[in-house]
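# A closer look at the structure
As a plain string of letters, each chain reads:
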Protein chains: 2
Amino acid sequence: MADYQAPLRDMSFVLNEMFDAPALWASLPRIAENVDPETADAILEEAGKITSGVLAPLNREADEQGCKWDEGEVTSPEGFKEAYQTIVEGGWNGLGGNPEFGGMGMPKTLVAQFEEMMQGANMAFGLAPMLTAGACLALNAHGSQELKEKYLPNMYSGVWSGAMDLTEPHAGTDLGIIRTKAEPNDDGSFNITGTKIFITWGEHDMAENIIHLVLAKLPDAPKGPKGISLFLVPKFMVNDDGSLGERNQFSCGSIEKKMGIKGSATCVMNFDGAKGWLVGEENKGLNAMFTMMNYERLGVGIQGVGAAEASLQSAREYANERIQSRAPTGAQQPEKAADPILVHPDVRRMLLTMKSYVEGGRAFSTYVAKWLDISKYSDNDEQRKHAEGMVALLTPVAKAFLTDRGLETTIIGQQVFGGHGFIREWGQEQLVRDCRITQIYEGTNGIQAMDLMGRKVVASQGKLFELFAEDVSAFIEENSSDEALRPYLEPLAASLERLADTTEHVIKQAAENPNAIGAAAVDYLDMFGYTALAYMWAKAVKAAAPKAEGDTSGFYTGKLKTARFYFERLLPKAVSLAEGIRSGSDAMMALDANEI
Amino acid sequence: MADYQAPLRDMSFVLNEMFDAPALWASLPRIAENVDPETADAILEEAGKITSGVLAPLNREADEQGCKWDEGEVTSPEGFKEAYQTIVEGGWNGLGGNPEFGGMGMPKTLVAQFEEMMQGANMAFGLAPMLTAGACLALNAHGSQELKEKYLPNMYSGVWSGAMDLTEPHAGTDLGIIRTKAEPNDDGSFNITGTKIFITWGEHDMAENIIHLVLAKLPDAPKGPKGISLFLVPKFMVNDDGSLGERNQFSCGSIEKKMGIKGSATCVMNFDGAKGWLVGEENKGLNAMFTMMNYERLGVGIQGVGAAEASLQSAREYANERIQSRAPTGAQQPEKAADPILVHPDVRRMLLTMKSYVEGGRAFSTYVAKWLDISKYSDNDEQRKHAEGMVALLTPVAKAFLTDRGLETTIIGQQVFGGHGFIREWGQEQLVRDCRITQIYEGTNGIQAMDLMGRKVVASQGKLFELFAEDVSAFIEENSSDEALRPYLEPLAASLERLADTTEHVIKQAAENPNAIGAAAVDYLDMFGYTALAYMWAKAVKAAAPKAEGDTSGFYTGKLKTARFYFERLLPKAVSLAEGIRSGSDAMMALDANEI
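Each value, and the rule that gives it
Residues numbered from 1 in each chain as written. Chains lettered and ligands numbered in written order. Predicted model: local features only at pLDDT ≥ 70, side-chain atom pairs only at ≥ 80, totals over all residues. Heavy atoms only, no water. Salt bridge = Lys/Arg side-chain N within 4 Å of Asp/Glu carboxyl O. Helix = DSSP H or I, 4+ residues; strand = E, 2+ residues; numbered from the N terminus. Buried < 20%, exposed > 50% of the residue type's maximum accessible area, 1.4 Å probe, protein only. Pairing = 2+ DSSP bridges. UniProt positions renumbered as here; feature names shortened; annotations may be inferred. Phe/Tyr/Trp six-rings, centres within 6.5 Å; stacked < 30°, edge-to-face > 60°. Lys NZ or Arg CZ within 6 Å of the ring centre and 35° of its normal.

Pairing is possible between side chains of opposite charge, provided their charged atoms come close. Residue and element names in this part refer to chain B. A full pass over the atoms with the stated rule returns 71 salt bridges over all chains. Of the charged contacts in the structure, one is a salt bridge between Arg60 and Glu64, with a shortest N-O distance of 3.1 Å. Linking Arg60 with Glu64, this pair stays in helix H5 (residues 59-65), spanning four residues, or about one helical turn. The exposure class assigned to Arg60 is partly exposed, which follows from its relative accessible area of 25%. Accessibility expressed as a relative area gives 24% for Glu64, which makes it partly exposed. A salt bridge links Lys355 to Glu359; its shortest N-O distance comes to 3.1 Å.

Structure representation (structure tokens):
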């Protein structure tokens with residue numbers, strides 16, 4: 001297995017050459033004061049060192065060991081505590097956090113690269129900072145000044161970690177039916193009682209305190225999703241002077257045995273009159289949660305890219321080193337018993353598919369991060385609103401498409417190894433098992449697709465889709481005379497048009513048929529993703545082409561050739577998806593339960 | 001998790017209603033003397049009882065326990081020894097075996113159903129009878145009368161198990177470069193020395209003896225694949241009276257830690273001058289191996305179907321029981337807190353995709369088994385030759401397409417469970433991990449695709465493809481006036497034509513470009529598989545339609561509606577695959593190693 005190396009070269013290409021992130025940062029005053037290109041480079045370089053040097057080496061052993069549960073206490077795998085301390089000392093937990101409370105205020109475009117490295121190096125570990133950052137976001141956006149002052153600084157530093165407590169045994173996708181109760185006390189606090197499951201890093205030994213954000217229902221709350229409130233529930237009570245007090249009334253009842261991310265603790269949390277404080281308004285807990293959802297969901301999409309990158313690194317190395325059979329055109333290394341398997345077209349098909357998804361996915365996640373930065377930091381209302389629309393539209397695509405392609409990529413990366421890919425010591429199978437969860441949590445990919453198709457595309461009557469379509473069309477128009485881009489602009493335009501036609505078609509169907517959205521959703525999101533990645537690869541060509549001549553590193557010429565592969569081999573998948581969507585919902589809904 | 005139930009109803013549909021297997025059996029004299037419809041039903045029923053009642057209950061715990069290695073001895077998971085004894089007592093190991101040596105002489109069309117049940121119930125266990133049957137096949141086809149008499153009866157009974165020793169650390173796909181040596185002794189035996197890896201059930205405690213078939217090179221053997229011979233190497237020497245003698249000079253050095261099929265032992269075998277006997281001719285060991293390959297490869301495809309069926313059973317049950325959110329058209333069970341998730345179009349899309357692949361796959365594996373039966377048992381030379389061509393063509397498709405769709409199906413089945421699908425206790429994630437190996441062993445699916453595209457389609461200049469095309473075309477023609485089939489015949493014909501065009505295109509390209517075969521192979525096999533399954537679903541419609549009226553069980557109407565779903569939603573994938581293949585090999589071969 002190749003040692004994970006942070007893909008700094010490609011991240012620099014995406015940030016600087018494809019998206020001119022420094023110009024973006026300079027245009028956003030609250031970002032400009034925190035970061036300049038030199039700072040950004042230094043951060044990326046240091047992040048590369050820590051993720052490759054500290055987190056990656058712990059990854060495989062942590063998978064073997066898992067976490068240990070004993071009477072409510074959870075012990076993390078060997079080395080995690082020390083690694084977490086490294087993250088705390090570097091301030092990495094608060095990289096994108098609000099400077100008012102000790103965060104570093106870095107743009108998401110930059111933070112996204114750090115996230116990808118961390119998740120690619122060690123996903124089980126990476127979940128702890130990820131969940132903490134998510135909890136900070138919700139708290140920063142909705143908590144009272146008092147709560148923020150009391151909790152955020154130690155969470156941004158990572159001395160305390162965060163956890164999100166949403167799911168219950170009978171309520172996953174459907175949070176409207178949760179049963180956890182919050183009863184008000186006279187002092188303004190609440191007593192929280194109920195059972196939460198699937199709580200990532202809900203209990204562990206890496207941080208001094210764990211701050212849970214818990215969804216619960218007030219006694220007189222309306223039924224359904226509009227009767228849910230959000231509460232901050234610390235593991236240890238925090239005294240007014242900031243010191244830790246007694247332990248709160250909740251504990252970890254058990255941890256799950258899982259397919260992957262075994263180095264992380266997935267906890268059952270039992271709240272037994274635990275003391276908590278309201279975050280945001282009563283009965284608006286789901287809104288508060290959704291604040292952080294866009295960030296978290298992009299973060300999960302980035303996990304897919306990270307795992308896929310790690311798999312690609314190993315597969316590429318193996319394909320160059322493993323010798324087996326001869327090239328179809330005759331021996332390439334006759335002095336050896338066989339040729340490296342890289343000579344075979346099908347091995348190249350596998351590697352180029354991986355590369356297409358990894359590098360295209362990295363660009364796409366950065367593209368979405370760009371809109372997040374603008375939506376959060378722009379001083380221009382119109383620009384901000386436009387960016388918010390893009391974020392709303394693109395986030396479910398990033399979450400689902402990047403994790404679907406992430407799993408596909410890790411499976412291909414395992415296949416490149418043949419039988420050795422199935423054996424644990426080579427590491428490729430762990431990436432498959434780890435990556436699999438990304439399609440499930442933070443809203444399954446089916447739910448993402450419903451969000452895209454229903455709440456975003458159909459509910460806006462296509463207006464949100466238009467934002468994206470206009471962006472792609474503008475690119476096509478601006479570059480119509482670019483020689484290098486010429487072979488790609490026509491298929492990109494055709495792909496966009498096909499997507500636009502399909503969008504219109506589903507909007508029309510949905511007006512008459514409530515099942516039309518669900519029937520189209522997953523295939524539509526996939527189609528959207530393939531088109532979005534085509535746009536990313538066209539942008540990569542634009543950035544790489546002027547530097548390709550005389551490029552001996554292979555970096556820029558490799559970009560051009562991979563773009564060609566993507567357009568010829570992968571983009572055509574959108575054609576079939578469109579055809580399937582056109583058939584509508586009848587074939588699915590016509591069956592009674594006993595016919596399935 | 002649903003308890004696995006052998007899908008006897010659908011197997012009966014496939015055998016009796018789709019393929020009229022009794023008529024086939026009656027037409028083959030050597031089969032007719034062993035089986036009639038009543039016997040077949042009794043066998044299937046008993047197989048259902050054993051697989052559901054004995055093998056399935058051991059499956060999950062075996063995955064948790066794994067096998068134990070201690071100083072060369074391998075202990076199988078709890079209950080495996082007793083279960084193996086049940087298989088021995090029922091004579092299941094020799095179900096398809098040569099009656100001359102104690103086999104039951106049953107047709108593959110029937111044996112395939114037993115195999116699917118066994119693999120669906122417990123794949124890790126099922127590998128032991130599967131490998132034994134494979135070893136018997138090779139021995140029966142190529143061994144001397146003496147070897148057959150000495151070994152086959154105890155192998156068919158299962159008192160002794162079989163193992164196949166091909167792979168070495170440096171030689172997997174490329175067996176031409178193996179290093180294991182066979183040195184002749186004066187008594188006609190050979191001393192075998194070398195290391196083999198990935199040897200399934202190479203060592204264990206379930207059978208009294210283990211008979212290894214080992215590929216090795218004679219001292220003066222030609223280089224490459226034409227210098228490989230096959231040897232029978234027993235764990236315990238067998239005396240002339242059939243009693244066991246001393247232990248042979250080889251042992252299990254370790255067992256692998258794997259992603260799945262953890263209940264099975266995957267052994268490193270160290271041969272240190274072990275005594276062996278030549279099977280078949282010197283230097284023709286690969287030929288002898290390929291004899292059993294068609295059987296084994298179909299068997300692996302069937303593993304994909306079995307795992308997918310198990311996943312579907314659980315997913316179907318869960319989708320009916322799990323309540324979450326409301327149907328898009330309004331509450332279906334207003335008395336409950338939410339509706340069963342089966343009401344959602346996307347959940348139906350998932351279940352119908354699974355059902356399409358499982359039932360279509362079962363039909364396709366039985367279709368290939370039919371050609372195997374004819375090729376092996378027909379007394380008519382022409383008919384036999386025709387069937388041999390079909391087997392050669394269709395076997396790689398069955399192996400790769402059914403396992404690719406098998407993994408896809410188990411992944412979907414896991415997704416239906418949401419977060420619970422990732423947790424081990426629900427069993428869905430094990431099916432994913434177990435099924436994953438089927439895409440890798442017995443020749444990776446990439447190798448299957450090369451076999452189909454290169455050795456079968458291009459090497460025969462399309463003649464083998466024509467056999468299949470004619471079969472489909474004849475079906476279309478025969479049924480042109482069938483009302484129920486009408487909606488399917490045109491898309492089936494279009495799909496066949498597209499496949500034929502693509503076939504011709506690649507054959508032309510391959511004449512000028514040695515890389516054309518490898519560049520097209522995997523997508524071509526996929527396209528072939530989608531077309532073949534369309535043919536199967538059309539056949540299912542033909543069989544089900546006359547019985548659909550007044551059908552209250554939902555079985556026949558479910559077949560018709562699933563066929564519609566398959567044609568509308570899944571078959572269109574072939575369109576994109578064809579487009580990708582047309583782009584040829586340039587996009588893959590244009591890159592230098594440093595550009596990938």
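Residues and elements named next belong to chain A. Within strand E7 (residues 229-234), six of the six residues are buried, which leaves the element mostly enclosed by the surrounding structure. In this sheet, E7 lies alongside strand E6 (residues 209-216) in antiparallel orientation, the contact comprising six bridges. Bridged to Val214 within E7 is Phe231. Where E7 meets strand E11 (residues 266-279), three bridges bridge the pair, whose relative direction is antiparallel. Looking across to E11, one finds that Leu230 is bridged to Val279.

Here, the residues flagged by UniProt with the feature "domain: Acyl-CoA oxidase/dehydrogenase middle" (unreviewed entry) are residues 163-272 of chain A. Taken end to end, residues 163-272 of chain A comprises 0% helix and 47% strand; its first and last C-alpha atoms sit 17 Å apart.

Okay, the pairing of strand E4 (residues 181-184) of chain A next. Working note: regular strand, side chains alternate between the two faces of the sheet. Residue and element names in this part refer to chain A. Pairing of E4 with strand E5 (residues 190-200) involves four bridges; the strand directions are antiparallel. Of the residues in E5, the one forming a bridge with Glu183 is Asn191. What sits between E4 and E5 in their antiparallel hairpin is a turn of five residues, with Gly188 showing a positive phi close to 90°.

This part is about the UniProt feature "domain: Acyl-CoA dehydrogenase/oxidase C-terminal" (unreviewed entry) in chain A. Within this numbering scheme, the UniProt entry marks residues 283-452 of chain A as carrying the feature "domain: Acyl-CoA dehydrogenase/oxidase C-terminal" (unreviewed entry). Annotated as residues 283-452 of chain A, this span is 72% helix and 0% strand, and its ends, taken at the C-alpha atoms, are 25 Å apart.

A few words now on the packing of aromatic side chains. Scanning the entire structure with this criterion turns up 52 aromatic pairs over all chains. Feature note: the residues Phe19, Phe364, Tyr367, Trp371, Phe465, Phe468, Phe475, Tyr524, Phe528 and Tyr535 of chain A constitute an aromatic cluster, connected by ring pairs. If you follow Lys370 of chain A out to its NZ or CZ, it ends over the ring of Trp371 of chain A, 4.5 Å from the centre. If you follow Arg405 of chain B out to its NZ or CZ, it ends over the ring of Tyr357 of chain B, 5.6 Å from the centre.

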